[in-house]
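Understanding the architecture of this molecule
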Amino acid sequence: MSISTPSTSTSTFTTYDGTELAYHVQGEGEPLLCLPGGAMRASAYLGDLGGLSAGRRLVLLDLRGTGDSAIPADTSTYRADHQVADVEALRTHLGLDSVDLLAHSASANLALLYAAAHPQRVRRLALITPTCWAVDLTESPETRLADVRRRGGAEPYDTAIAAYERVSAAFAAGGTPEEADWAAAMPLAYGRWDETARAHAALSPVQKNAAASAAFAGPGAFVPPATRAALGRFAGEVLVLAGELDSNPSPALAARLAELFARGAVDVQGGGGHFPWLDEPQWFTARVERFLATGA
């Protein structure tokens, strides 16, 4: 299997502060706005989300300073709360009264802030292997270590687990992990460490804006009590999709996120990692399409 490279058209629009942002359109049908994670990785890594473009018009936003989008004059606007206005500017640019919204990993925090600020603009919200900083849901380092150690017993996972342990120790000591350890731990992010996964992981350093990533969840980005309260009133339907083998979030943490919503549901992709559309694309697309068509 190879990474999907469907036909794509690229357009731009000007957001609230004059920054020119790019988005990429794939497929036909009802639009689905897609926010990439990373944090702050170009949307190209999403591919066509395992073939989801067969039934949906995917609108993949390059967040400011990533991909084909311009670097903002004020780089403090990389912070997630400032980017809520970018999502709203894209909705307005597309002429849509309300949207279906899909967000992966770190951008789930941006999607949560957007749904809290503009609840009437979101019909259905699909959160794919989301991190949950915006609502202060996290797991302890010990729990995450226990999760990744369950994959031990064979290579490349034994080597990856040892690298992840060094990453965790560096954070615990207040230091910065070695890039080589991050790279060596990458097999843990995928359900299968095959040719497709290796090629996908190799692109991450060149697709991610490191400075923007460091600022994305910076001080002041999130006010969890207010966001939780707003999301409790959110009337749209929400699917939280976790990978069985993912540790960030674990299926248990994903379930806790779903419980914050009046109409939230969680589902777990068997054998899935942090990029589940690569691990089992047919299951992934069928589950997301069913949610978008019929709800949680």
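Structure: see above.
These notes cover the structure that comes with them. (Residues numbered from 1 in each chain as written. Predicted model: local features only at pLDDT ≥ 70, side-chain atom pairs only at ≥ 80, totals over all residues. Heavy atoms only, no water.)

**Considering the overall build of the protein chain**
- Within the protein chain, the secondary structure is distributed over 12 helices and 8 strands.
- Overall, the protein chain is about 50 × 40 × 35 Å in size when its C-alpha atoms are taken along their principal axes.
- Burial status across the protein chain gives 53% buried among its 296 residues.
- Look at the contacts in the protein chain between residues 6 or more apart in sequence, and 73% of them connect residues 24 or more apart. (Helix = DSSP H or I, 4+ residues; strand = E, 2+ residues; numbered from the N terminus. Buried < 20%, exposed > 50% of the residue type's maximum accessible area, 1.4 Å probe, protein only. Contact = heavy atoms within 4.5 Å.)

**Some words on the side chain of Arg-41**
- By secondary structure assignment, the location of Arg-41 is in the loop between strand S3 (31-35) and strand S4 (57-61).
- No salt bridge is formed by the buried Arg-41, whose closest oppositely charged neighbour, Asp-62, lies at an N-O distance of 9.8 Å.
- In this structure, Arg-41 is in contact with Pro-36, Thr-66, His-200, Leu-203, Ser-204, Gln-207, Lys-208 and Phe-275, ignoring residues within four places of it in sequence. (Lys, Arg positive; Asp, Glu negative; His and termini not counted. Salt bridge = Lys/Arg side-chain N within 4 Å of Asp/Glu carboxyl O.)

**Concerning the side chain of Arg-124**
- Its place among the elements puts Arg-124 in strand S6 (residues 122-128).
- At 2.6 Å, the side chain of Arg-124 forms a polar contact with the backbone oxygen of Leu-292. (Polar contact = N/O pair within 3.5 Å; in protein donor to acceptor, adjacent residues only side chain to side chain.)

**Structural notes on the pairing of strand S8 (residues 264-269)**
- Bridging between strand S7 (residues 237-243) and S8 involves 6 bridges; their strand directions are parallel. Bridging from a neighbouring strand, Leu-239 pairs with Ala-265 of S8.
- What joins S7 to S8 is helix H10 (residues 251-258), and the crossover it makes is right-handed. (Pairing = 2+ DSSP bridges. Right-handed = clockwise from strand over helix to strand, strands pointing away.)

**Some remarks on the state of the cysteines**
- This model, assessed by the stated rule, comprises 0 disulfides.
- There is no disulfide at Cys-132, and the cysteine sulfur nearest it, in Cys-34, is 19 Å away.
- Looking at Cys-132, the relative accessible area reads 2%, which means it is buried. (Disulfide = S-S within 2.5 Å.)

**Comments concerning helix H2 (residues 107-117)**
- With respect to burial, H2 is a largely interior element, 9 of its 11 residues being buried.
- For H2, the set of buried residues is Ser-107, Ala-108, Asn-109, Leu-110, Ala-111, Leu-112, Leu-113, Tyr-114 and Ala-115.

**Quick word on unusual backbone geometry**
- Note the cis peptide between Gly-38 and Ala-39, where omega equals -5°.
- For Ala-39, the location among the structural elements is in the loop between S3 and S4.
- Omega for the bond connecting Glu-155 with Pro-156 falls within 30 degrees of zero, at 5°, which places this linkage in the cis form.
- Within the secondary structure layout, Pro-156 lies in the loop between helix H3 (141-149) and helix H4 (157-172).
- Positive phi, close to 55°, is recorded for Ser-105, a residue that is not glycine.
- Here Ser-105 shows up in the loop between strand S5 (99-104) and H2.
- For Ser-105, a relative accessible area of 8% puts it in the buried group.
- Look at Asp-136: it is not a glycine, yet its phi comes out positive at around 55°.
- Mapped onto the elements of the fold, Asp-136 is located in the loop between S6 and H3.

**Quick word on the packing of aromatic side chains**
- The tally for this structure, following the rule as stated, stands at 9 aromatic pairs.
- Ring geometry for Phe-13 and Tyr-23: centres 6.0 Å apart, planes at 55°, overall tilted. Placement of the pair is Phe-13 in strand S1 (residues 9-14) and Tyr-23 in strand S2 (residues 20-26), with a sequence separation of 10 residues.
- For Phe-13, a relative accessible area of 5% gives the class buried.
- Take Tyr-23: its relative accessible area is 7%, and that puts it in the buried class.
- Judged by centre distance (6.4 Å) and plane angle (75°), the rings of Phe-234 and Phe-261 are edge-to-face. (Phe/Tyr/Trp six-rings, centres within 6.5 Å; stacked < 30°, edge-to-face > 60°.)

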